[in-house]
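# Chain and residue survey
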Amino acid sequence: MFKLNSHYQPTGDQPQAIAKLAEGLKSGKKHQVLLGVTGSGKTFTMAKVIEQYQKPTLIISHNKTLAAQLYKEFKEFFPKNAVHYFVSYYDYYQPEAYIPHTDTYIEKDSKINEELDRLRHATTQALMSRDDVIIVASVSCIYNLGSPEEYKNLGLEIFEGKKIRPAELAKALLRLQYAQDIELKRGRFRKTTNEFEIVSPTAQEVVKIRLKNDAIEKISIAMLKDPEELETKDLQYERVTETIIFPAKYWITSDNKIGLAIENIKSELQKQVKVLKKQKKAEEATRLQKKTLNDIEMMRQTGYCHGIENYSRHLDFRNAGEPPYSLLDFFTSKGEFLTIIDESHISIPQLRSMYTGDHSRKSTLVEYGFRLPSAIDNRPLKFPEVQKRIQKTVYVSATPNKYEMEKTGKANIAEQLIRPTGLLDPTIEIRPTENQIPHLIETIKERTGKNERVIVTTLTKRMAEDLAEHLADNKIKVNYLHSEIKTLERLKMLKDFRLGHYDVIVGVNLLREGLD
């Protein structure tokens, strides 16, 4: 199933680490640690372990940029397998919030990155249709995503000879949240009298359906390597006899369930309005009723509304307090799988902390009539819930924390201390702050004269930008890198740095930004 493609062979400490981890997995050990110094080739070791274990794999990283670097490396290691990237799809995100002491309501404001959304859909569709899956994800993998079973069941099965009128097919596509358009775009469809062209939410395929006498006469599929091919390339279609069209969005439920979900939402609304009025919060009760009834009407008309995830407990028919479905449930639906937690000393605390902040913010919204109590169950998983869902786990870190060490025990630690390249840790020099900028410029010019690169770390984002500007004024090819740079732009900048388009990168915490 998994076949590693690399001209490298394990060297240094890699062979014994690979053997120990692979043997541990085969013998049923649930927790192991790969303790490796920076530059010891831990990613290659992970890839060899995946190849030997032959199970679907989830790799969790604490940072989008590091996750993207891992995704790129694993795509190269496993070119014939389904390697995907799953992170938050927001370029900008301001969550809905209320600040009581200033009476300030902050409406949810966000900007969705279409490419990241496309990659998320590619992830879930791969998990629905393949076993040779490697997903590199951020902590976004523990957030509410909707039921995998419902996602799969809502897929529209089409086959040659199926009886369906053009109007019925159009209605079914709209129900799955595909928008009708005159152009071919991701998550949209174009139709003529008897022909439909549907672009999947992954933008990896276009399905063309021809109807005749209220039945499907022909189905053709064009595969895309890049979404830009929709505009730049003549599509090459191949005929198929059947296919499945998955929903264009998450949190969609079937027509026969949406009515019942709406009734349950209305029942909760009535109870909560009574509670608020009893607390002498008439304004809050009115606000909640108006907001909720507007959302209900949108759901009744289109099956969707803005912020529909806040009603996911009713749409999934979960009990109060019951954990939401997340990407982990898409994995558990496949049976046995492997979890690798990269930089576990940072990723584990991050996984632990997600629930608390979300719960505090949502509780305030409920208390002041902006949301129903069930909105609290649109949340990330609690850490014990994460532990319950993941199975065999490898923690990867140069400095594993107490949690990982206690879970594994000394016998289950694979050490990787010798680098394949034989490189030693660099000598560290401590210099006085006096004349540090002239010294920095002198050092940069010395290094660039030898065709080498320079990494500069500062204390703040503003300092990074100002220093980069000053270095540029001194005719140095430089760029700055920090968290406000968009995820995919960061990757391009790092690639340009490697290629020599820049000689210097200035940042706040460059290891965290993905320079590993």
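Residues numbered from 1 in each chain as written. Predicted model: local features only at pLDDT ≥ 70, side-chain atom pairs only at ≥ 80, totals over all residues. Heavy atoms only, no water.

Within the open sheet, the seven strands sit side by side as S3-S8-S2-S17-S18-S1-S19. Their pairing is parallel. On the outer flanks of this sheet lie strand S3 (82-86) and strand S19 (413-416), each paired with one strand and no other. Each strand of the sheet is rotated relative to its neighbour by a mean of 15°, with strand direction disregarded. For strand S2 (residues 57-60) and strand S8 (residues 133-137), the ladder comprises four bridges, and the chain directions are parallel. Among the inter-strand pairings, Ile60 is bridged to a residue of S8, identified as Ala137. Sitting on the sheet, helix H3 (residues 64-77) touches S2, S3, S8 and strand S17 (338-342), and the angle it makes with S3 is about 170°. Each of S2, S17 and strand S18 (392-397) is contacted by helix H12 (residues 344-367), which is oriented at about 105° to S17, the strand it contacts most. (Pairing = 2+ DSSP bridges. Helix = DSSP H or I, 4+ residues; strand = E, 2+ residues; numbered from the N terminus. Axes fitted to C-alpha atoms, helices over the stretch in contact; angles between N-to-C directions. Contact = heavy atoms within 4.5 Å.)

The biggest cluster of nonpolar side chains holds 52 residues, and the ones touching the most others in it are Leu58, Ile135 and Leu327. Formed by 34 residues, the second largest nonpolar core is a distinct cluster that contains Ile59, Ala67, Phe78 and Leu338. (Core = buried A, V, L, I, M, F, W, Y, C linked by side-chain atoms within 4.5 Å. Buried < 20%, exposed > 50% of the residue type's maximum accessible area, 1.4 Å probe, protein only.)

Moving on, we come to the pattern of salt bridges. The tally for this structure, following the rule as stated, stands at 32 salt bridges. Ionic pairing is found between Lys48 and Glu51, a salt bridge with its closest N-O pair at 3.4 Å. In this pair, Lys48 and Glu51 are both assigned in helix H2 (residues 42-53), three residues apart and thus about one turn of the helix distant. Accessibility expressed as a relative area gives 17% for Lys48, which makes it buried. Classification of Glu51 as buried rests on a relative accessible area of 17%. For the salt bridge of Lys72 with Glu76, the shortest nitrogen-to-oxygen distance reads 3.2 Å. Linking Lys72 with Glu76, this pair stays in helix H3, spanning four residues, or about one helical turn. On the accessibility criterion, Lys72 (44% relative accessible area) is partly exposed. Through salt bridges with shared partners, a single ionic network connects Glu96, Lys291, Asp295 and Arg371. (Salt bridge = Lys/Arg side-chain N within 4 Å of Asp/Glu carboxyl O.)

Moving on: the sheet that holds strand S22 (residues 504-507). With parallel pairing, three strands are arranged side by side in an open sheet as S20-S22-S21. The two strands at the open ends of the sheet, each matched to only one other strand, are strand S20 (454-457) and strand S21 (478-481). Across this sheet, the average inter-strand angle for adjacent strands is 20°, counted without regard to direction. For S21 and S22, the ladder comprises four bridges, and the chain directions are parallel. Each residue of the ladder has a partner; that of Val478, found in S22, is Val504. Seen against the sheet, helix H16 (residues 461-473) touches S20, S21 and S22 and runs at an angle of roughly 175° to S21. Helix-sheet contacts for helix H17 (residues 487-499) involve S20, S21 and S22, and the interaxial angle to S21 is about 145°.

What follows is about the side chain of Asp377. Position of Asp377 among the secondary structure elements: in the loop between H12 and helix H13 (383-389). By relative accessible area, Asp377 is classed as buried at 5%. Beyond its immediate stretch of four places on either side in the chain, Asp377 contacts Arg313, Arg318, Asn319, Ala320, Gly321, Glu322 and Pro324.

Attention shifts here to H16. Compared with the 18 Å implied by 1.5 Å per residue over 13 residues, the 19 Å span of H16 between its first and last C-alpha is a close match. By the burial criterion, the buried members of H16 are Ala464, Leu467, Ala468 and Leu471. Along the axis of H16, the buried residues cluster in a sector spanning 105°; they form a single face. Set apart from the buried face of H16 by more than 90 degrees, the exposed residues are Arg462, Glu469 and Asp473. Next to the buried residues of H16 lie helix H15 (436-448), S20, S21 and S22. Among the residues trailing H16, Lys475 stands out with phi positive, at a value near 60°. (Expected span 1.5 Å × (residues − 1). Arc of directions from axis to C-beta.)

Here we come to the pairing of strand S16 (residues 242-245). On a regular strand, one side chain projects to one face of the sheet and the next to the other, so that they alternate. What you see with S16 is a clean split: Thr243 and Ile245 sit on the buried side and Glu242 and Ile244 on the side with no burial. Sheet topology places strand S9 (residues 156-159) next to S16; four bridges connect them, and they run antiparallel. In the sheet register, Glu157 faces S16, and the bridge partner there is Ile244.

The N-to-C vectors of H3 and H17 enclose an angle of 60°; their axes lie 9 Å apart at closest approach. The angle between H3 and H17 falls in the class oblique. Considering only the axes of H3 and H17, their crossing is right-handed. Residues Lys64, Thr65, Ala68 and Gln69 of H3 pack against Thr487, Arg490, Leu491, Leu494 and Arg498 of H17. In the contact of H3 with H17, the residues fall into three nonpolar, three polar and three charged. (Parallel < 35°, antiparallel > 145°, perpendicular 65-115°, else oblique. Left-handed = near helix turned anticlockwise from the far one by under 90°. Nonpolar A, V, L, I, M, F, W, Y, C, P; charged D, E, K, R; others polar.)

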